[in-house]
Amino acid sequence: MRRLGHDNRGSIATIFALVAIPLVALAGLGTEVGMWYTTKRQAQNAADASAIAGAMTLLAASGDATAAA
């Protein structure tokens with residue numbers, strides 16, 4: 001049993017296996033947060049474009065944008 005307690009073979013593989021799981025989880029979380037940011041920016045761009053299109057339509061309908069609004 002003493003010899004087994006002092007045997008270090010395979011310890012790097014065990015440490016790597018224990019560290020790899022949280023490392024992969026953090027990489028996945030980082031990717032997911034990036035996707036959330038991209039989706040939010042795309043939705044904001046669509047809302048901005050529709051607001052500009054609505055304003056341009058009102059302005060085109062009559063020369064006075066204040067009266068058209």
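Residues numbered from 1 in each chain as written. Predicted model: local features only at pLDDT ≥ 70, side-chain atom pairs only at ≥ 80, totals over all residues. Heavy atoms only, no water.

**Q** Just checking my understanding: could you explain the overall build of the protein chain for this structure?
**A** Of regular secondary structure, the protein chain possesses 3 helices and 0 strands. Reading the helices (α) and strands (β) of the protein chain from amino to carboxyl end gives α-α-α. Counting only residues that meet the buried cut, the protein chain has 0% of its 69 residues in that class. In the form shown here, the protein chain has an accessible surface area of approximately 6200 Å², with 69% of it arising from carbon and sulfur atoms. (Helix = DSSP H or I, 4+ residues; strand = E, 2+ residues; numbered from the N terminus. Buried < 20%, exposed > 50% of the residue type's maximum accessible area, 1.4 Å probe, protein only. Areas by Shrake-Rupley, 256 points an atom, 1.4 Å probe, with all protein chains shown as cover.)

**Q** I tried to follow a nonpolar patch on the surface on my own but got confused; where do I start?
**A** A contiguous nonpolar surface patch, about 430 Å² in accessible area, is contributed by Ile12, Ile15, Leu18 and Val19. Position of leucine 18 relative to the elements: it lies in helix H2 (residues 11-61). (Patch = residues over 30% accessible without salt bridge, like charges linked within 9 Å, V, L, I, M, F, W, Y side chains within 5 Å. Salt bridge = Lys/Arg side-chain N within 4 Å of Asp/Glu carboxyl O.)

**Q** Mind showing me how you'd approach the confidence of the model for the protein chain here?
**A** Averaged over every residue, the pLDDT of the protein chain is 86; the share at 70 or more is 80%. Taken element by element, the protein chain is modelled with least confidence in helix H3 (residues 65-68), mean pLDDT 62, and with most confidence in H2, mean pLDDT 93. (pLDDT = per-residue confidence, 0-100.)

**Q** Please explain H2 as it appears in this structure.
**A** The α-helix winds at 3.6 residues per turn, so residues separated by three or four positions along the chain end up facing the same way. Here H2 spans 76 Å end to end across 51 residues, near enough to the 75 Å set by a 1.5 Å rise per residue. Along H2, the sharpest kink reaches roughly 25 degrees, centred on alanine 20 and followed within four residues by the proline proline 22. (Expected span 1.5 Å × (residues − 1). Bend = angle between axes of the 7 residues up to and from the residue.)

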